[in-house]
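# Commentary on secondary and tertiary structure
What follows is the residue order along each chain.
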Amino acid sequence: METRQAAGELPTEQSRKLQLPASCDPPQQDAPTKQQIWIIFGGTGHMGRSLVKCALSHGDFVASVGRSFEITQPADLPQHENCLNLRCDVRVRESVARIYERVLQRFGHYDVVANCAGYGVIGACEDQDEHELRDQFETNFMGTLHVIQCSLPYFRQREAGRYLIFSSTSGALGVPGLGPYCATKYAVEGLIEAMLYEVDAFNVKATLVEPGLVRRDEPLDYGTNPLPMWGHFLIKPASEAYSHETSPALHAKRMVTWLRDRQPTSAVKCAELVWQLGHCSYPPLRLLLGSYAIESIRDRLRCVTEELEDWKHLNFPIPPGEEGSTVGQNKQQETAGNAKDDVMEDDRPDDMDADQVGEDNVMTTS
Ligand SMILES: NC(=O)c1ccc[n+]([C@@H]2O[C@H](COP(=O)([O-])OP(=O)(O)OC[C@H]3O[C@@H](n4cnc5c(N)ncnc54)[C@H](OP(=O)(O)O)[C@@H]3O)[C@@H](O)[C@H]2O)c1
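What comes next is a walk through the structure. (Residues numbered from 1 in each chain as written. Predicted model: local features only at pLDDT ≥ 70, side-chain atom pairs only at ≥ 80, totals over all residues.)

## Looking at the packing of helix 4 (residues 130-149) against helix 6 (residues 179-199)
- Two elements in contact, helix 4 and helix 6, have axes separated by 9 Å at closest approach and are oriented at 20°. The orientation of helix 4 relative to helix 6 falls into the category roughly parallel. Crossing geometry of helix 4 relative to helix 6 is assigned as right-handed. Counted together, E132, L133, Q136, F137, N140, F141, T144 and L145 of helix 4 and P180, Y181, T184, K185, A187, V188 and L191 of helix 6 form the full contact between these two elements.
- The residue makeup of the contact of helix 4 with helix 6, split by class, is nine nonpolar, four polar and two charged. (Axes fitted to C-alpha atoms, helices over the stretch in contact; angles between N-to-C directions. Helix = DSSP H or I, 4+ residues; strand = E, 2+ residues; numbered from the N terminus. Parallel < 35°, antiparallel > 145°, perpendicular 65-115°, else oblique. Left-handed = near helix turned anticlockwise from the far one by under 90°. Contact = placed C-beta atoms within 7 Å. Nonpolar A, V, L, I, M, F, W, Y, C, P; charged D, E, K, R; others polar.)

## Quick look at the nonpolar core
- Ranked by size, the top nonpolar core spans 53 residues in total, and within it I39, I40, L51 and A114 carry the most contacts.
- Look past the residues within four positions of L51 in its chain and what remains in contact with it is I40, A114, C116, A271, V274 and W275.
- Within the second largest apolar cluster, eight residues are counted, among which are I122, L178, F233 and A252. (Core = buried A, V, L, I, M, F, W, Y, C linked by C-beta atoms within 7 Å. Buried ≥ 20, exposed ≤ 12 C-beta atoms within 10 Å, placed from the backbone.)

## Let's talk about the environment of V214
- Inspection of the secondary structure puts V214 in strand 8 (residues 214-215).
- When the C-alpha atoms of V214 and G290 are compared, they prove to be 8.0 Å apart, with 76 residues separating the residues in sequence.
- Leaving out residues up to four positions away in the same chain, V214 has contacts with M47, Q263, T265, A267, C270 and G290.

Distances and angles like these do not, on their own, reveal function.
Have a look at this one:
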């Protein structure tokens, strides 16, 4: 029989066996861990709630942030002396900024910001109206930007800080029926990947968390939990063109309605790994959670690589001497042996060739 794991209780044996790889220097089991202060946006949702409970169970302090316009609170929100329950709308920068003020008032500082706030609309790209498109971007992309921009000055000044940004496998591959949601997650991935280069000098770190299909599995969750079974998705009725039984656009809907509580990945186990991520010394850029995430992203990367290999011979250099050619005759002869197929070589302006540009300029690398 399942037993309830209340906030403050130790994590289950099963979840504690999970350990991030030693290369990232995760907290050691049974060794004391430095107590940290977390802000978890989306802390009332399916994955965020498990993360809130996990961090509390390890003795950390948590500000758990739900959505401001929800007036009904899930019955079992963690009521814990180390937990501050707050509300905001991540689409509104000021309401996000207020969260950080409240946390500083209460805890004096914060170490880790996790953003689990997000949602998606299931429906064909053509069927989703402008409001649905914009709202997904406002929540998933602008929300992430607000969460980061309102705290980054603080992290920079402290020269320490960590972001755990929930993306998705949909940030790495296009899923039919989830086009706009995928677009928001791709945008988040680009933002974080670029930002990491900028903030590394300030000792600010970030990880994109990419869960696969995650079931809610807090003990005794079913029946008592008011959250919808597939959490962050709203299903839009399909228009006639996309409503046939085998329409690819219905793939996402078929998947979530069939899966229901059969999602292969455990939210509780994910939370344990994400908690370790908040405490490890060398966090990765991406943390893929669950076999579905790993298999689907690996397949996608394999497709991209294979396509690249199939098409790489196609390029259209302008022959030297013809109008538009930017490579001098001599240079062309020099490089013919090793780079004659490289369109980048021919596209370089004359003053950007390897002899004239500094050695550390990326344009000079072959
Ligand atoms: N579960 C999965 O299988 C899965 C897979 C891949 C990626 N993800 C990603 O993981 C994250 C969490 O997913 P989940 O399954 O936990 O979703 P969820 O159960 O629907 O929870 C979403 C959370 O976001 C909050 N939220 C939504 N809109 C908001 C807004 N405008 N302002 C502030 N908060 C807002 C919700 O607040 P309320 O509770 O007040 O509505 C809730 O706390 C999402 O980014 C999702 O895309 C999840």
